[in-house]
Amino acid sequence: MPTTTTTERQRIDKWLWHARVVKARTSAAELVVTGHVRVNGVRETSPGHAIKLGDVLTIALDRTVRVLKVTAFNERRGDAASARLLYEELGTRN
């Protein structure tokens, strides 16, 4: 189950991996380093950047742009159903 009590912030690469946006944490870090992720409209290039609840992430991935609002954090990477609880999908563009 997602939790908000143990942590108020989480590394962006870890959150992207837990939310199943990418298959591996190294892929999440690479996505951030190459400038394909924006936090609240600002390009982020540090995989260690801490995101908080309510942040809006814009992610350019595989010819698609996803806009996700962070709603929870998880300590471990769970199944797809628990990953879906970590964010609210605000939009997708091709």
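The rules behind the values
Residues numbered from 1 in each chain as written. Predicted model: local features only at pLDDT ≥ 70, side-chain atom pairs only at ≥ 80, totals over all residues. Heavy atoms only, no water. Pairing = 2+ DSSP bridges. Helix = DSSP H or I, 4+ residues; strand = E, 2+ residues; numbered from the N terminus. Phe/Tyr/Trp six-rings, centres within 6.5 Å; stacked < 30°, edge-to-face > 60°. Buried < 20%, exposed > 50% of the residue type's maximum accessible area, 1.4 Å probe, protein only.

Q: Help me understand the sheet that holds strand S5 (residues 56-61) in this model?
A: Pairing between sheet strands relies on hydrogen bonds along the backbone, with the strands arranged either parallel or antiparallel. Within the open sheet, the 5 strands sit side by side as S3-S2-S5-S6-S7. Their pairing is antiparallel. Single-partner strands in this sheet number two, and they are strand S3 (42-43) and strand S7 (87-93). Taken together, the 6 bridges between strand S6 (residues 64-70) and S7 define a ladder with antiparallel strand orientation. For Val67, the partnering residue across the bridge sits in S7 and is Gly91.

Q: Can you walk me through the packing of aromatic side chains in this structure?
A: The way to describe two aromatic rings as a pair is by their centre distance and the angle between their planes. For the structure on display, the rule yields 1 aromatic pair. Centre to centre, the rings of Trp15 and Tyr87 are 6.3 Å apart; their planes meet at 75°, and the pair counts as edge-to-face. With Trp15 in helix H1 (residues 12-18) and Tyr87 in strand S7, this residue pair connects regions lying 72 residues apart in the sequence. By relative accessible area, Trp15 is classed as buried at 0%. Overall, the relative accessible area of 11% leaves Tyr87 in the buried class.

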